[in-house]
Amino acid sequence: MAELKVTQSKDLTRVERVGAHSHIRGLGLDDTFEARNVSQGMVGQKAARRAAGIILQLIREGKIAGRAVLLAGQPGTGKTAIAMGMAKALGEETPFAMMAGSEIFSLEMSKTEALTQAFRKAIGVRIKEETELIEGEVVEVQIDRPAVAGAASKTGKLTLKTTEMETVYDLGAKMIESLGKEKVQSGDVIAIDKASGKITKLGRSFARSRDYDAMGPQTKFVQCPDGELQKRKEVVHVVTLHEIDVINSRKQGFLALFAGDTGEIRCEVREQIDSKVAEWREEGKADIVPGVLFIDEVHMLDIECFSFLNRALENEMAPILVVATNRGITRIRGTNYKSPHGIPIDLLDRLLIISTTPYSEEEIRKILDIRCEEEDVEMSEDARDLLTKIGHETSLRYAICLITAAALACAKRKGKEVEIEDISRVYSLFIDVKRSTQFLMEYQEQFMFNEVQEDDDAKAIG
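Since the structure is predicted, the reported quantities are computational estimates derived from the model, not experimental observations.

Time to look at a nonpolar patch on the surface. Together, Phe 439, Leu 440, Tyr 443 and Phe 447 make up a nonpolar patch on the protein surface, roughly 360 Å² of accessible area in all. With respect to the element layout, Tyr 443 can be found in the loop between helix H14 (433-442) and helix H15 (451-461).

Laid out in structure tokens, this is it:
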């Protein structure tokens, strides 16, 4: 008797990345722009969040284009979190471009070109166009296949109806293929774009809801369309100016966006696109959607970039610029002059400055609770208290990094929830900045190129 082989099957699970700000869902404001204590992943920083909410409202009303906002505060006080909250609150339609100040120095294009592309990524164009659709419920799909394969192409008939009329359409080979791809059957409500022939399945008719005993959770029921089968509908597309630039400046068209080879784009191309978009605006075919360009670590830009930003903000096609920095009074890159936040005074004058303050111990506790939930880590109350104390005495970022490390230490000893011993173990394994500095001071003579030692020697010689 043949031996029966049993193959082991494994369930495929979706791998989800947990990022530093993956718990942020919005700014956590109510209808009157008051910041809630804990909401949408945001904790504390009430004044900064309220200010960001007012900026958001101005963005939505299109009243702040060409302005700039500076988020300034110590490291680990939630500047990037506020910017992420703004992005989530704006929604999908408003463009939000994000970059770090040092990025532009590692690109193959010039600094001004990189900033221009970033600016144009943050400006959307809402294009409206009218299309003719055939919308109705499928009564019957009849496909005639030839008796001999390859002798003739397939033909067929499609019967569509609305509440008022019913029509039979002749089908060609392409339409039969499209219907097959979409798995269209009688009882489905479909829409056919007359210009492109694209078929969209809108759902199943309520009249056919009792045809089957079991339906999948994804089955959507819709009413049978009323009126005529042929309708005119306004379709709205939102694209960024940068996407239009790339499509018009490369031979492969929109495929250049996927290739990533955007390269430098000529000024003439941009001028033609700007004049065309202005023409569409006058005709009522398009609207400009000013988005947000967020530049983190803005102190890394040099004096040339700051001069470019000053000029670019005066352009009528400028987005809202949000910049963030954790520097105090420091040297402006590319000069020997010092300035607050490492930003020239003339650009600082244009900025609405939002400051962030260090978190209290209670706020650190709430943030750590949210992060434990986000990283799916069970932690005892005592362990959370200890982690909060560590976060308050060292830094919030260090405490957040210990969560997953402690969870791994807990799994190693086959525990169900993270205890104080797991926190203590990873605290002793991974040192924070203060302990690292103390270690350097103790063993400074054994390190290479030690500047502290050289300074002491110089004083001794003097």
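Another aspect to go through is the pairing of strand S14 (residues 320-325). Buried residues dominate S14, accounting for 6 of its 6 residues. The alternating pattern of S14 places Ile 320, Val 322 and Ala 324 and Leu 321, Val 323 and Thr 325 on opposite faces, both of which are buried. Here 5 bridges tie strand S3 (residues 68-73) to S14, and the two strands are oriented parallel to one another. Counted as the bridge partner of Leu 70 is Val 323 from S14. Regarding topology, helix H8 (residues 303-312) serves as the crossover connection from strand S13 (residues 292-296) to the parallel S14, and that connection is right-handed.

Turning to the packing of helix H12 (residues 396-412) against helix H13 (residues 420-429), a few remarks are in order. Across the interface, H12 lies against H13 with an axial gap of 8 Å and an inter-helix angle of 115°. The two elements H12 and H13 meet at a crossing, and its hand is right-handed. Counting all contacts with H12, which are made through Tyr 398, Leu 402, Ala 405, Ala 406, Ala 409 and Cys 410, the residues of H13 involved are Asp 422, Ile 423, Val 426 and Tyr 427. When grouped by side-chain class, the residues that make up the contact of H12 with H13 number 9 nonpolar, no polar and 1 charged.

Let's shift gears to the pairing of strand S6 (residues 155-161). Alignment of strand S5 (residues 123-144) against S6, held across 7 bridges, turns out to be antiparallel. Across the sheet, Glu 140 pairs through a bridge with Thr 159, a residue of S6. With antiparallel pairing between neighbouring strands as the criterion, S6 and strand S7 (residues 166-171) make up a hairpin whose turn holds 4 residues.

Let us now look at the pattern of salt bridges. For the coordinates displayed, the defined rule picks out 28 salt bridges. Linking Glu 381 and Arg 365 is a salt bridge whose minimum nitrogen-to-oxygen distance equals 2.6 Å. Within this pair, whereas Glu 381 is found in helix H11 (residues 381-393), its partner Arg 365 is found in helix H10 (residues 361-374), the two being separated by 16 residues in sequence. With a closest N to O distance of 3.2 Å, Arg 371 and Glu 375 form a salt bridge. A single salt-bridge network, built from bridges that share partners, covers Glu 113, Arg 120, Asp 245, Arg 270 and Asp 274.

Glancing now at the sheet that holds S3. The 5 strands lie next to each other as S4-S13-S14-S3-S17, forming an open sheet whose pairing is parallel. Here the strands that pair on one side only, and so sit at the sheet edges, are strand S4 (96-100) and strand S17 (351-356). Looking at each pair of strands side by side, their axes are set apart by 20° on average, direction ignored. Along the sheet, helix H1 (residues 46-60) contacts S3, S13, S14 and S17; its crossing angle with S17, the most-contacted strand, is approximately 150°.

Let us look at unusual backbone geometry. Phi angles above zero are rare outside glycine, and Gln 45 is one such case at about 50°. The residue Gln 45 is located in the loop between strand S2 (42-43) and H1 in this model.

As a rule of thumb, soluble globular proteins bury nonpolar side chains together. Counting 29 residues, the largest nonpolar core has Leu 293, Ile 295, Leu 301, Phe 306, Leu 309, Leu 321 and Ile 343 as its most contacted members. Counting only elements with at least two residues in this core, the list comes to S3, S4, helix H3 (111-121), S13, H8, S14 and helix H9 (345-348). If we skip the residues at most four places from it in the chain, Leu 309 touches Leu 115, Phe 119, Leu 301, Leu 321 and Leu 347. Grouped together as the second largest cluster of nonpolar side chains are 24 residues, Ile 367, Ala 383, Ile 390 and Leu 402 included.

As a further point, take a negative patch on the surface. A grouping of Asp 376, Glu 378, Asp 382, Glu 417 and Glu 419 is seen on the molecular surface, where their side chains present a negatively charged patch. Considering the arrangement of structural elements, one finds Glu 417 in the loop between H12 and H13.

So, on to the side chain of Glu 137. Mapped onto the elements, Glu 137 comes out in strand S5. Within the buried core, Glu 137 has no salt-bridge partner, and the shortest N-O distance to an opposite charge, that of Lys 161, equals 4.3 Å. Engagement of the side chain of Glu 137 in a polar contact is seen with the side chain of Ser 205, the distance being 3.1 Å. The contacts of Glu 137, once residues within four sequence positions are left out, are Thr 159, Leu 160, Lys 161, Gly 187, Asp 188, Val 189, Ser 205, Arg 208, Cys 224 and Pro 225.

Take the confidence of the model for the protein chain next. With 86% of its residues at a pLDDT of at least 70, the protein chain reaches an overall mean of 81. Taking the mean pLDDT of every element in the protein chain, the minimum, 51, falls on H15 and the maximum, 92, on strand S15 (residues 329-331). Every residue in residues 5-15 scores below 50 in pLDDT, and together they form 0 contacts with partners more than four places removed in sequence or on other chains.

What counts, and at which threshold
Residues numbered from 1 in each chain as written. Predicted model: local features only at pLDDT ≥ 70, side-chain atom pairs only at ≥ 80, totals over all residues. Heavy atoms only, no water. Patch = residues over 30% accessible without salt bridge, like charges linked within 9 Å, V, L, I, M, F, W, Y side chains within 5 Å. Areas by Shrake-Rupley, 256 points an atom, 1.4 Å probe, with all protein chains shown as cover. Salt bridge = Lys/Arg side-chain N within 4 Å of Asp/Glu carboxyl O. Helix = DSSP H or I, 4+ residues; strand = E, 2+ residues; numbered from the N terminus. Buried < 20%, exposed > 50% of the residue type's maximum accessible area, 1.4 Å probe, protein only. Pairing = 2+ DSSP bridges. Right-handed = clockwise from strand over helix to strand, strands pointing away. Axes fitted to C-alpha atoms, helices over the stretch in contact; angles between N-to-C directions. Left-handed = near helix turned anticlockwise from the far one by under 90°. Contact = heavy atoms within 4.5 Å. Nonpolar A, V, L, I, M, F, W, Y, C, P; charged D, E, K, R; others polar. Core = buried A, V, L, I, M, F, W, Y, C linked by side-chain atoms within 4.5 Å. Lys, Arg positive; Asp, Glu negative; His and termini not counted. Charge placed at Lys NZ, Arg CZ, Asp CG, Glu CD. Polar contact = N/O pair within 3.5 Å; in protein donor to acceptor, adjacent residues only side chain to side chain. pLDDT = per-residue confidence, 0-100.

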